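In case you want the letters, here they are:
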Amino acid sequence: MNPLLAELHDKARAVLDPVHHDFFAGGVGDEVVLAENEAAFRRLALLPRVLRGKQISGDFPVMISPTAFHRLAHPDGELATARAAGDAVLVSSMASTVPIADVVAAASGPVWFQLYVQPDMDVTEALVRRAERAGCEAVVVTVDSPVFGRHRRDLAHGFHDLPAGLAAENMRDLVGPGLRDIEMSPLVSWEHIGRVQEMTALPLWVKGVLHPKDAIIAVRHGVAGIVVSNHGGRQLDLVPAALDALPAVVDAVAGRVPVAFDGGVRSGGDIALALALGASSAGIGRPVLWGLAADGEQGVRRVLDVLRDEFLHVLTLCGGELSRDMVVTRC
Ligand SMILES: Cc1cc2nc3c(=O)[nH]c(=O)nc-3n(C[C@H](O)[C@H](O)[C@H](O)COP(=O)(O)O)c2cc1C
Ligand SMILES: CC(C)CC(=O)C(=O)O
């Protein structure tokens, strides 16, 4: 982990209510996958190319992954995150504690709307319209959550809803303000993806694909892109590290749509490894929350600056190139 990010996590831990810290930090079950997401990067190494004789471009293919309830981390919540995002894609959680219109107004770059399909399709449609009206540039449907993950830390703390004064603002007038007002349903299927596509002309991504067969089905459904993700180790504690699932999905998709990735990215080198394995961009989840808790907008800015600087440095050391043949396993 980049030491500056570790410092921000330490600071966040010191300022956050321990219950909220554990909501952000925790994973499902024994937290095997939570640990594996980070460990997977340590098992890989990069073989740099040399004497490539070129200046690298400043492209920084990173997105801010959707995470719920930023006002638990800082009073400015998602407004601070949006202001700090710069030109990185900000995927704003449906469960934001600031309405999506205000998130988009605070951002200078693209904002995508993350959606859990609600079994009541009128509610789903209302959310999609809200995202469109706000000016979101894509809808990202999270598909790895047929039920809520069982997070032992939250159960131990008895944390199952937001404190008074905070609400899931996009949901408040539709179903209610709380965490438990958001429905997860195992009945959601590819048919619902089709129905969301019929509702909107916005590009639709699916987030939370691990099986290559699902990636192929997604492509067949005309999705604009796929995010390989295990939800930061918060859903099923039996899945592989997200990084280990990435190459097979990239191969199955075979360039037909972009394949983004998230899970365990904690340094610029991690971003480089994910891109070398074929990711179109790398998503950042918890480090953004640590920056936000530690120092609001400035803290999130710091996280992105540190990662950008480190990524571009690694890229230069790799000859400005990242490809699958440059990735080897450590002995
Ligand atoms: C506190 C927290 C809340 C999250 N909320 C959402 C959410 O609302 N929607 C969603 O699709 N994913 C959610 N995720 C998953 C993230 O989008 C992302 O997949 C994951 O955090 C990436 O792993 P990382 O935290 O190791 O970077 C959440 C993750 C965390 C840690
Ligand atoms: C269930 C959501 C409100 C948040 C989420 O996806 C998560 O906490 O992992």
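None of these values were measured; they are calculated from a predicted model.

Parameters at a glance
- Residues numbered from 1 in each chain as written.
- Chains lettered and ligands numbered in written order.
- Predicted model: local features only at pLDDT ≥ 70, side-chain atom pairs only at ≥ 80, totals over all residues.
- Heavy atoms only, no water.
- Helix = DSSP H or I, 4+ residues; strand = E, 2+ residues; numbered from the N terminus.
- Rg over C-alpha atoms; globule rule 2.2 N^0.38 Å.
- Buried < 20%, exposed > 50% of the residue type's maximum accessible area, 1.4 Å probe, protein only.
- Contact = heavy atoms within 4.5 Å.
- Areas by Shrake-Rupley, 256 points an atom, 1.4 Å probe, with all protein chains shown as cover.
- Lys, Arg positive; Asp, Glu negative; His and termini not counted.
- Charge placed at Lys NZ, Arg CZ, Asp CG, Glu CD.
- Near = heavy atom within 4 Å.
- Polar contact = N/O pair within 3.5 Å; in protein donor to acceptor, adjacent residues only side chain to side chain.
- Nonpolar A, V, L, I, M, F, W, Y, C, P; charged D, E, K, R; others polar.
- UniProt positions renumbered as here; feature names shortened; annotations may be inferred.
- Salt bridge = Lys/Arg side-chain N within 4 Å of Asp/Glu carboxyl O.
- Arc of directions from axis to C-beta.
- Right-handed = clockwise from strand over helix to strand, strands pointing away.
- Pairing = 2+ DSSP bridges.
- Axes fitted to C-alpha atoms, helices over the stretch in contact; angles between N-to-C directions.

Asks: Looking at this structure, how should I read the overall build of the protein?
Replies: Each helix and strand in the protein was counted, giving 12 helices and 10 strands. Against the compact-globule benchmark of 20 Å for 331 residues, the protein has a radius of gyration of 19 Å, which places it among compact chains. Principal axes of the C-alpha set define a box for the protein whose edges measure 60 × 45 × 40 Å. In the protein, which comprises 331 residues, the share counted as buried stands at 58%. When contacts within the protein are restricted to residue pairs at least 6 apart in sequence, those whose partners lie at least 24 apart make up 74%. Surface accessibility of the protein: about 13,800 Å² in total, with carbon and sulfur atoms responsible for 54%. Each charge sign in the protein was given a centre, from 30 positive and 40 negative side chains, and these centres are 4 Å apart.

Asks: For this particular structure, what's the right way to read the site of ligand 2?
Replies: Residues in close proximity to ligand 2 include Phe-23, Ala-68, Phe-69, Ala-95, Tyr-116, Phe-148, Leu-179, Ile-182, Met-184, His-231 and Arg-234, which together make up its full environment. One nitrogen or oxygen atom from the side chain of Tyr-116 is found 2.4 Å from an oxygen atom belonging to ligand 2. For ligand 2, an oxygen atom lies 2.9 Å from a polar atom in the side chain of His-231. Bound to the protein, ligand 2 loses 90% of the 280 Å² it would expose on its own. Its residues placed into classes, the shell around ligand 2 shows nine nonpolar, one polar and one charged.

Asks: Hey, could you run me through the site of ligand 1 in this one?
Replies: As a structural note, the neighbourhood of ligand 1 is formed by 22 residues, with Pro-66, Ser-93, Thr-142, Gly-264 and Arg-266 the closest of them. With respect to ligand 1, the side chain of Ser-229 contributes an N or O atom lying 3.2 Å from an oxygen atom. A distance of 2.9 Å is found between an oxygen atom of ligand 1 and a side-chain nitrogen or oxygen belonging to Arg-286. Burial of ligand 1 by the protein amounts to 98% of the accessible area it has alone, namely 600 Å².

Asks: What is the right way to look at the UniProt feature "domain: FMN hydroxy acid dehydrogenase" (unreviewed entry) in the protein in this model?
Replies: In this structure's numbering, the residues bearing the UniProt feature "domain: FMN hydroxy acid dehydrogenase" (unreviewed entry) are residues 1–331. In residues 1–331, helix accounts for 42% and strand for 12%; the two terminal C-alpha atoms are 20 Å from one another.

Asks: Before we go on, may I ask you to explain the pattern of salt bridges in this structure?
Replies: Side chains that differ in charge, positive against negative, can pair when their charged atoms come close. Taken as a whole and judged by the stated rule, the model has 18 salt bridges. Notably, a salt bridge pairs Asp-251 with Arg-324, separated by 2.8 Å at the nearest N-O pair. Note that Asp-251 is positioned in helix α10 (residues 242–253) and Arg-324 in the loop between α12 (286–317) and β10 (327–329), a separation of 73 residues in sequence. Classification of Arg-324 as partly exposed rests on a relative accessible area of 33%. Residues joined by salt bridges that share partners form a network here, namely Asp-22, Glu-31 and Arg-153.

Asks: What am I meant to see in the side chain of Arg-234 here?
Replies: Locating Arg-234 in the fold gives a position in the loop between β7 (225–228) and α10. We note that Arg-234 is buried and unpaired, the nearest opposite charge coming from Asp-154 at a distance of 5.2 Å. Within polar-contact distance, the side chain of Arg-234 engages the backbone oxygen of Phe-24 at 3.5 Å. Not counting residues up to four positions away in its chain, the partners in contact with Arg-234 are Phe-23, Phe-24, Gly-26, Gly-27, Val-28, Gly-149, His-151 and Arg-286.

Asks: Quick question: what am I supposed to make of helix α9 (residues 212–220) here?
Replies: Helical geometry: 3.6 residues make up each α-helical turn, so side chains three or four residues apart lie on a common side. Of the residues making up α9, those classed as buried are Ala-215, Ala-218 and Val-219. When α9 is viewed along its axis, its buried side chains cluster within an angular range of 100° and face the same direction. Across from the buried face of α9, at angles greater than 90 degrees, the exposed residues are Lys-213 and Arg-220.

Asks: Help me understand the pairing of strand β5 (residues 138–142) in this model?
Replies: Side-chain positions along a regular strand alternate between the two faces of the sheet. Of all the five residues making up β5, five are buried; the element is thus mostly covered by neighbouring parts of the structure. Burial along β5 is two-sided: Ala-138, Val-140 and Thr-142 facing one way and Val-139 and Val-141 facing the other are all buried. Remark: the strand β4 (residues 111–115)/helix α6 (residues 121–134)/β5 crossover connection has right-handed handedness. As defined by bridge partners, β5 adjoins strand β6 (residues 204–209) across four bridges and the pair is classed as parallel. Bridging across to β6, Val-141 finds its partner in Val-206.

Asks: Can you help me understand the sheet that holds β5 in this one?
Replies: Strand pairing in a sheet is mediated by backbone hydrogen bonds. Such pairs are either parallel or antiparallel. Strand order in the closed barrel formed by eight strands is β2-β3-β4-β5-β6-β7-β8-β9, and the pairing between neighbours is parallel. Strand after strand, the sheet turns through a mean of 30° between neighbouring axes, direction not considered. Two strands pair when backbone bridges link them, and strand β8 (residues 259–262) and strand β9 (residues 282–284) are joined in this way by two bridges, in the parallel orientation. Counterpart to Phe-261 in the pairing with β9 is Ala-282.

Asks: Explain the environment of Gly-278 to me, please; I cannot follow it from the model alone.
Replies: Along the chain, the position of Gly-278 falls in the loop between α11 (268–276) and β9. Residue classification places Gly-278 among the partly exposed positions, given a relative accessible area of 33%. Spatially, the C-alpha atoms of Gly-278 and Ala-254 are 9.9 Å apart, while their sequence positions differ by 24 residues. Not counting chain neighbours up to four residues away, the residues in contact with Gly-278 comprise Val-250 and Val-259.

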